[in-house]
Amino acid sequence: MTARGKKTVRDLRRGSRSTLLRRLYFDGPLSRQELGSITGLSGGSISNVTGELLADGLIEECGSVESDGGRPRILLRVAAGRAHLVGVDVGETQVRVALFDLARTELAASDRPLDDRGHDAGHVAELILAGLAEVLERTGTDPGTVLGVGVGVPGIVEQGAVERGGAGYGGVGQGIGSDLGGGAGAVVHGQTVGWDAVPLGRMLRAGTDLPLFVDNGAKTLGQAEMWFGAGRGARHAVVALFGSGVGACVIADGARFRGATSSAGEWGHTKVHVGGRRCRCGARGCLEAYVGAEALVARWGAAPPGGGEKAGLAALLAAAVAGDPAAVALLDEAAEYLGAAIADLVNLFNPERIVIGGWAGLLLGPRLLPGIRAAATEYALRFPREQTEIVLGTLGPAAVTVGAATLPLSDFLDSGGEFPRRADAAAPAGLRA
């Protein structure tokens, strides 16, 4: 019996595979010599492990570079087509399901609008499963190559039993570490959408045996921006989601701050006006009630009828650009509220970088950013504000979906490239009848 805390040969091998896979994934292509100098692993270990990964089809040779006086050095990279990832964004008006290869290339996507049942949990689960079936069928993807389905949801995710324990999914050199999503045991508390302890993981498990990972949508957005976008390289950061609602992902010393019950980051429900406007959560004076897209469109009151929030917010922006006094005043006020709320983040968490993302943030960001920065400077303590840059996200409106797909990806990298066992080994991988 192995003593507690003592690593076995298998543990060490998995650790070496994980280290090399991560380096190649985030920094590749790299030569074996570069891997040795970066990781500190011996030449023998590098040779053995890369040989295994090549034999498994997880990495591939991709050219060579000249070396000083010796043979050309062969470059290695992760084989993009060896496995697939699914990311799901449960948004305010639709459910988006996307299939990616390991290079994050989107191979297919399914956008399914919420009908008059809105965020009824059963309806949402049906849309996720239907979208999953669609993207697999359209691409002819073998479900056995799918590492898992990551789902970003509105609300707090009570982490359940994960399907294969992993140490976390912090990328090498990416400035972020975290734990896995709740898998088939995930329970979601989404007060703004009427979800009270919804067993979403169990509901999805009834329709698929693919590995499941569930997390808050703002946190998956944060994961994507920290790994691949505007947060890359920072160890202390906040990634803010600005959409119909408002949320945040707080990164402290390279690790995601979750809090005691995984509800940290509900920034949209911090109070900016005591006794102020009624928020969707039922309380008064929440930031979301002043700067969320739904609130802005409702407060403006001049949006084209029947166009939805995105059309309404685009019309509000166009009116402001055209000089409409009401639209200009509303967006100026929103910039000040956001700047003041960001000043609170600066004072509380002392981040080096604050990234504003989400579809509404990216739509309004170019206009609001100067006002946001000015208000943050006015309301924050001077010294920490001088150390904080405020920038827009770079991954576009699909960042939540990409971030959700990183949940199974991180588990795969942690395991050293081990394909997960299916939840029901007796059933065919993929969807259930």
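Right, let's walk through the structure included here. (Residues numbered from 1 in each chain as written. Predicted model: local features only at pLDDT ≥ 70, side-chain atom pairs only at ≥ 80, totals over all residues. Heavy atoms only, no water.)

## What about the pattern of salt bridges?
Part 1 of the reasoning: As enumerated under the stated definition, the model contains 21 salt bridges in all.
Part 2 of the reasoning: Among the salt bridges present, the one from D27 reaches R23, with a minimum N-O distance of 3.1 Å. Placement of the pair is D27 and R23 together in helix α1 (residues 9-27), with a separation of four residues, close to one helical turn.
Part 3 of the reasoning: With its nearest N and O atoms 3.1 Å apart, the salt bridge here joins R117 to D115.
Part 4 of the reasoning: Exposure remark for R117: the relative accessible area of 43% places this residue in the partly exposed category.
Part 5 of the reasoning: For D115, a relative accessible area of 34% translates into the label partly exposed. (Salt bridge = Lys/Arg side-chain N within 4 Å of Asp/Glu carboxyl O. Helix = DSSP H or I, 4+ residues; strand = E, 2+ residues; numbered from the N terminus. Buried < 20%, exposed > 50% of the residue type's maximum accessible area, 1.4 Å probe, protein only.)

## So, a nonpolar patch on the surface
Part 1 of the reasoning: There is a patch of nonpolar side chains on the surface, built from F257, L348 and F349 and spanning about 310 Å² of accessible area.
Part 2 of the reasoning: A residue is classified by how much of its surface remains accessible, and F257, at 43% relative accessible area, is partly exposed. (Patch = residues over 30% accessible without salt bridge, like charges linked within 9 Å, V, L, I, M, F, W, Y side chains within 5 Å. Areas by Shrake-Rupley, 256 points an atom, 1.4 Å probe, with all protein chains shown as cover.)

## With respect to the environment of V250
Part 1 of the reasoning: With respect to the secondary-structure elements, V250 resides in strand β13 (residues 246-252).
Part 2 of the reasoning: When its relative accessible area of 6% is taken as the criterion, V250 is described as buried.
Part 3 of the reasoning: Apart from the residues within four sequence positions on either side, V250 is in contact with A237, V238, A255, R256, F257 and F349. (Contact = heavy atoms within 4.5 Å.)

## Observations concerning the packing of aromatic side chains
Part 1 of the reasoning: Applying the stated criterion across every chain yields a total of seven aromatic pairs.
Part 2 of the reasoning: Plain terms: the ring middles of Y25 and F228 are 6.5 Å apart, the flat faces sit at 65° to each other, and that makes the pair edge-to-face. Separated by 203 residues along the polypeptide, Y25 in helix α1 and F228 in helix α6 (residues 217-228) bring together distant segments of the chain. F228 matches Y25 in its accessibility class, with the two residues each being buried.
Part 3 of the reasoning: With centroids separated by 5.5 Å and ring planes inclined at 75°, the aromatic side chains of F412 and F419 adopt a geometry described as edge-to-face.
Part 4 of the reasoning: Here F412 falls in the buried class, since its relative accessible area comes to 3%.
Part 5 of the reasoning: Put simply, the rings of Y25, F26, W227 and F228 pair up and form one aromatic cluster.
Part 6 of the reasoning: Sitting over the ring of F228, R104 keeps its end group 3.7 Å from the ring centre. (Phe/Tyr/Trp six-rings, centres within 6.5 Å; stacked < 30°, edge-to-face > 60°. Lys NZ or Arg CZ within 6 Å of the ring centre and 35° of its normal.)

## Overview of the sheet that holds strand β1 (residues 30-31)
Neighbouring strands of a sheet are bound in pairs by backbone hydrogen bonds; such pairs are parallel or else antiparallel.
Part 1 of the reasoning: Strand order in the open sheet made by the three strands is β1-β3-β2, with antiparallel pairing throughout. Every interior strand has two partners, whereas the edge strands, β1 and β2 (59-65), have only one.
Part 2 of the reasoning: By the bridge criterion, two bridges tie β1 to strand β3 (residues 73-78) in an arrangement that is antiparallel. Considered in β3, the bridge of L30 is made with L76.
Part 3 of the reasoning: Packed on one face of the sheet, α1 meets β1, β2 and β3 and runs near 90° to β3.
Part 4 of the reasoning: Docked against the sheet, helix α3 (residues 43-55) engages β2 and β3, running at close to 120° with respect to β2. (Pairing = 2+ DSSP bridges. Axes fitted to C-alpha atoms, helices over the stretch in contact; angles between N-to-C directions.)

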